[in-house]
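Fold and contact review
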Amino acid sequence: MTGDKKVDTQHQQLFDMVNEIHDSIMANHGREVLVPVLKRLAKYTVEHFATEEALMQRTNYPGYAAHKAQHDELTAKAVEIIQGYESGKITLPMTLSRFLTDWLRNHIKKSDLEMIKHVQKAGVSA
Ligand SMILES: [Fe+2]
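The following paragraphs examine the structure supplied in this document.

Basis of the calculations
- Position numbers for residues start from 1 in each chain and track the written sequence from start to end.
- With the structure being a predicted model, the display of local features is reserved for residues of pLDDT at least 70 and the display and counting of side-chain atom pairs for 80 or more, all residues being used for whole-chain, interface and lining totals.
- Strands here are runs of E lasting at least two residues and helices are runs of H or I lasting at least four, both read from the DSSP assignment and numbered beginning at the N terminus.
- Here the contact rule is simple: place C-beta atoms from the backbone, and any two residues whose C-beta atoms are within 7 Å are in contact.
- Here the axes come from fitting lines to C-alpha atoms, over the contacting stretch only for helices, and the angles between their N-to-C directions go from 0 to 180 degrees.
- Geometric relationships in this document are graded by angle, where less than 35 degrees denotes roughly parallel, more than 145 denotes roughly antiparallel, 65 to 115 denotes roughly perpendicular, and other angles denote oblique.
- Any residue outside Ala, Val, Leu, Ile, Met, Phe, Trp, Tyr, Cys, Pro, Asp, Glu, Lys and Arg is labelled polar, Gly included; the first ten of those are nonpolar and the last four are charged.
- By our criterion, buried Ala, Val, Leu, Ile, Met, Phe, Trp, Tyr and Cys residues that link up through C-beta atoms within 7 Å make up a nonpolar core.
- Exposed residues have 12 or fewer other C-beta atoms within 10 Å of their own C-beta, buried residues have 20 or more, and residues in between are partly exposed; the C-beta atoms are placed from the backbone.
- A helix is expected to span 1.5 Å for every residue after the first.
- Think of it this way: the bend at a residue is just the angle between two axes, each fitted to seven residues, one set ending at that residue and the other starting at it.

1. Some words on the environment of Tyr64
Here Tyr64 shows up in helix H3 (residues 64–86). Sequence separation between Tyr64 and Lys109 is 45 residues; the distance between their C-alpha atoms is 16 Å. Aside from chain neighbours lying at most four places away, what touches Tyr64 is Met56 and Gln57.

2. Brief notes about the packing of helix H1 (residues 5–26) against helix H4 (residues 96–121)
At a minimum axis distance of 9 Å, the contact between H1 and H4 shows a crossing angle of 170°. As judged from the angle between their axes, H1 and H4 are roughly antiparallel. Listed contacts from H4 to Val7, His11, Leu14, Phe15, Val18, Ile21, His22 and Ile25 of H1 are Leu96, Ser97, Leu100, Thr101, Leu104, Ile108, Asp112 and Ile116. Its residues placed into classes, the contact of H1 with H4 shows eleven nonpolar, four polar and one charged.

3. Some thoughts on the nonpolar core
Counting residues in each nonpolar core, the largest one holds seven residues, listed as Val7, Leu55, Met56, Tyr61, Met115, Ile116 and Val119. Contributions of two or more residues to this core are made by helix H2 (31–58) and H4. The biggest single contributor to this core is H4, with three residues.

4. Brief notes about H4
When the terminal C-alpha atoms of H4 are compared, their 36 Å separation across 26 residues agrees well with the 38 Å that a helix rising 1.5 Å per residue should span. Maximal helix bending in H4 amounts to about 40°, located at Ile108. Of the positions making up H4, those classed as buried are Ser97, Leu100, Asp112, Met115, Ile116 and Val119. Residues of H4 that are buried sit in contact with H1, H2 and H3. Positive backbone phi, approximately 75°, marks Gly123, located one or two places after H4.

Below, the structure is given as structure tokens:
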């Protein structure tokens, strides 16, 4: 929990979607099921990152560039995985949900927490 209500709600939503993907992979669902779910997660992630990036910009956060670089890196990786999977070039790794969960937890624990501290000091919320 970062302490910002909107950001925390979005994070919860992201974890729920990652869990849905986990269950879907475990249930051996095919591309026709998984691709739309993956695209929904990617779209929501981009919206969520935009919320955080707007907060950083509004409060002149000094760590903006480094934080945004982490967002961009994950976004690029997501696009690569979805395109590869959709075109049949790759199968979805069973470890995908684990990777996403770990990424989220680590990113929230360090980068988001630090950023929200700054944002709250500035008296701003999402
Ligand atoms: Fe973030």
